[in-house]
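Each chain is listed here by its residues.
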Amino acid sequence: MLAVKFWFFQKKQNSTKKPVENANYMYPAQPYENLDILAPVLLFKPYNENFPQDQETKLFVNYAYVDKLKRYYYIENWTHEPGGLWAAHLRLDALASWR
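Conventions adopted
Residues numbered from 1 in each chain as written. Predicted model: local features only at pLDDT ≥ 70, side-chain atom pairs only at ≥ 80, totals over all residues. Heavy atoms only, no water. Helix = DSSP H or I, 4+ residues; strand = E, 2+ residues; numbered from the N terminus. Buried < 20%, exposed > 50% of the residue type's maximum accessible area, 1.4 Å probe, protein only. Contact = heavy atoms within 4.5 Å. Areas by Shrake-Rupley, 256 points an atom, 1.4 Å probe, with all protein chains shown as cover. Pairing = 2+ DSSP bridges. Axes fitted to C-alpha atoms, helices over the stretch in contact; angles between N-to-C directions. Polar contact = N/O pair within 3.5 Å; in protein donor to acceptor, adjacent residues only side chain to side chain. Salt bridge = Lys/Arg side-chain N within 4 Å of Asp/Glu carboxyl O.

Some points on the overall build of the chain
Consideration 1: Per the secondary structure count, the chain includes two helices and six strands.
Consideration 2: With 99 residues in all, the chain has 42% of them scored as buried.
Consideration 3: Across the chain, contacts joining residues at least 24 apart in sequence account for 54% of those joining residues at least 6 apart.
Consideration 4: As presented, the chain carries roughly 6,200 Å² of accessible surface, and 50% of it is formed by carbon and sulfur atoms.

Focus on the pairing of strand 1 (residues 2–7)
Consideration 1: Across the six residues of strand 1, five count as buried, placing the element largely inside the fold.
Consideration 2: Of the pairings in the sheet, the one linking strand 1 to strand 2 (residues 25–31) comprises five bridges and is antiparallel in character. In the strand pairing of strand 2, V4 is matched with Y27.
Consideration 3: Direction of pairing for strand 1 relative to strand 4 (residues 63–66): antiparallel, over a ladder of four bridges. When the bridges of strand 4 are listed, K5 appears paired with Y65.

Section: the environment of W7
Consideration 1: Take W7: it is sitting in strand 1.
Consideration 2: Each C-alpha atom, one on W7 and one on M26, is 9.1 Å from the other, the two residues being 19 residues apart in sequence.
Consideration 3: Dropping the residues within four chain positions of it, W7 is found in contact with P19, V20, E21, N22, A23, N24, V61, N62, Y63, A64, Y65 and Y72.

Notes on the sheet that holds strand 6 (residues 85–92)
Consideration 1: The strand order around the closed barrel formed by six strands is 1-2-3-6-5-4, and the pairing between neighbours is antiparallel. Each strand axis lies, on average, 45° off the axis of its neighbour in the sheet, ignoring direction.
Consideration 2: By the bridge criterion, four bridges tie strand 4 to strand 5 (residues 71–81) in an arrangement that is antiparallel. Bridging across to strand 5, A64 finds its partner in Y73.

Quick word on the side chain of E81
Consideration 1: Its place among the elements puts E81 in strand 5.
Consideration 2: Exposure remark for E81: the relative accessible area of 18% places this residue in the buried category.
Consideration 3: Of note is the side chain of E81, whose polar atom sits 2.7 Å from the side chain of T79.
Consideration 4: Ignoring sequence-local partners within four residues, the contact set of E81 consists of Y32, L43 and A87.

Here we look at the pattern of salt bridges
Oppositely charged side chains can pair when the atoms bearing their charge come close.
Consideration 1: The tally for this structure, following the rule as stated, stands at two salt bridges.
Consideration 2: The shortest N-O distance in the salt bridge between K11 and D93 comes to 2.5 Å. Taken together, the positions of K11 in the loop between strand 1 and strand 2 and D93 in the loop between strand 6 and helix 2 (94–97) put the pair 82 residues apart, joining distant regions of the chain. Judged on exposure class, the residue K11 and its partner D93 are both buried.
Consideration 3: In this structure, R91 engages E76 in a salt bridge whose closest nitrogen and oxygen atoms are separated by 2.7 Å. Of the two residues, R91 is situated in strand 6 and E76 in strand 5; the sequence distance between them amounts to 15 residues.
Consideration 4: Using a relative accessible area of 41% as the deciding quantity, one classes R91 as partly exposed.
Consideration 5: A residue is classified by how much of its surface remains accessible, and E76, at 46% relative accessible area, is partly exposed.

Structure (structure tokens):
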């Protein structure tokens, strides 16, 4: 399991800016098949009491930090997977990760 922090966060392109430490949300996730460190897809169980149940919240969360990988990611897309799981498709934010 991976601990993932989520934010509603905006920054300019090519910025090294990081979000404040207090995340809007934090949830456990598991990688979808093999973990791609540059563009991981992470699965979330929607029935976790802390996971937002409304579609609108997932659409507005746009930034993540994966503790175990020590990297920041942009959330590119959310998809609904078989078994009722939600998949977050992430893309590495290298400038914030290695700042």
